[in-house]
Amino acid sequence: MAMSVLRTFTRNMATAAKINNVVVVGGGLMGSGIAQVAAATGHNVTLVEMNDALVEKAIGGIRKSLERVAKKQYKDDAAKGQQFVDGTLAKIGGATKPEVAVEGADLVVEAIVERMDVKHALFGKLDEAAPAHTIFASNTSSLSIAEIGSVTKRQDRFGGLHFFNPVPVMKLLEIIRTDRTSDETFQALQAFGQRLGKACITCKDTPGFVVNRLLVPYMAEAIRLLERGDASPRDIDTAMKLGAGYPMGPIELVDYVGLDTTNNILQGWHEKFPNDPLFVPIQSLQKLVSEGKLGVKSGEGFYSYKK
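The sections below set out a description of the structure shown in this document. (Residues numbered from 1 in each chain as written. Predicted model: local features only at pLDDT ≥ 70, side-chain atom pairs only at ≥ 80, totals over all residues. Heavy atoms only, no water.)

Our focus in this paragraph is the packing of helix 2 (residues 29–40) against helix 3 (residues 52–73). Here helix 2 crosses helix 3 at 55 degrees, and the two axes come no closer than 10 Å. When the interaxial angle is binned, helix 2 and helix 3 end up oblique. Crossing geometry of helix 2 relative to helix 3 is assigned as right-handed. The residues of helix 3 that touch helix 2, namely those facing Ser32, Ala35 and Gln36, are Ala58, Ile62, Ser65, Leu66 and Val69. (Axes fitted to C-alpha atoms, helices over the stretch in contact; angles between N-to-C directions. Helix = DSSP H or I, 4+ residues; strand = E, 2+ residues; numbered from the N terminus. Parallel < 35°, antiparallel > 145°, perpendicular 65-115°, else oblique. Left-handed = near helix turned anticlockwise from the far one by under 90°. Contact = heavy atoms within 4.5 Å.)

Below you can see the structure in the form of structure tokens.
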């Protein structure tokens, strides 16, 4: 009995050990964060962007983020901190052709725009170019993993790795397995998440997985409460912070997440599940988005952030 358990464990670790070369497609906030934590935990990382300027911008952002981490972790030893920054950056390379970048990949994590057609075009191209053993994963927060992977011939080696922003700080990783994801792939993704130091949870391929499936309708209900004139934004936020112990109120959270992002998720889910009242788009939210009031990132959303 002990031997068979040991064999299974060894086999799982052997599977897990295969993920050394990681390709991250998309150098935005999420992609850069994923590349950073993967490199900091000893993986060889290739970060793919549209052009050299964007690659440089992403790697510059990672450098700044690593310097912040080093300041905190090695505050008494500047030399050690510099070693950590340089050592991590040495594990990250840039590329502009995804199909060339994936030729030696064990894992590809996609972190591009939340549009099914764009993701399909990318994965269709990568499926032809990547070795047979390469696992594909999407960092989507709202689209179906099975649908994203449907254009590939490796649906057994396809899963979801949903990280949270900012990736170096947020401990959670949602690992999504579809009906087609093999046990071997799932175990490799779990071992990868654990090696990154993340707290990993598993969820089926259901809209929004766990966090967003609960969070987006919650934020939407808060906006509807506001729309009806039942309470002010400040009172709604104070209520949830002091009455439910949340670190941030729902209206503040929408501003932080981005009104456009929240609106797009609701819109997408409403199209797929038109009869679910929780997913009905919200007029006041759409109006603010059309006025360019997108939250913290644009300087104004439900609240103003202009200095």
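This part covers the nonpolar core. Counting residues in each nonpolar core, the largest one holds 33 residues, and the members touching the most others are Leu107, Leu161, Phe163 and Phe192. In terms of residue count, helix 2 provides more of this core than any other element does, five residues in total. When residues no more than four places from it in sequence are discounted, the contact partners of Leu161 are Leu107, Val109, Ala137, Ser138, Asn139, Leu173, Glu174, Ile175, Leu189 and Phe192. (Core = buried A, V, L, I, M, F, W, Y, C linked by side-chain atoms within 4.5 Å. Buried < 20%, exposed > 50% of the residue type's maximum accessible area, 1.4 Å probe, protein only.)

All right, on to the pairing of strand 6 (residues 158–163) then. A large share of strand 6 lies buried, amounting to six of its six residues. Alternating positions in strand 6 separate into two faces, Phe158, Gly160 and His162 on one and Gly159, Leu161 and Phe163 on the other, with burial throughout. Pairing geometry for strand 5 (residues 135–138) and strand 6, over three bridges, is parallel. In the sheet register, Ser138 faces strand 6, and the bridge partner there is Gly160. In this structure, strand 6 lies alongside strand 7 (residues 172–177), joined through five bridges in antiparallel fashion. Looking across to strand 7, one finds that Gly160 is bridged to Ile176. (Pairing = 2+ DSSP bridges.)

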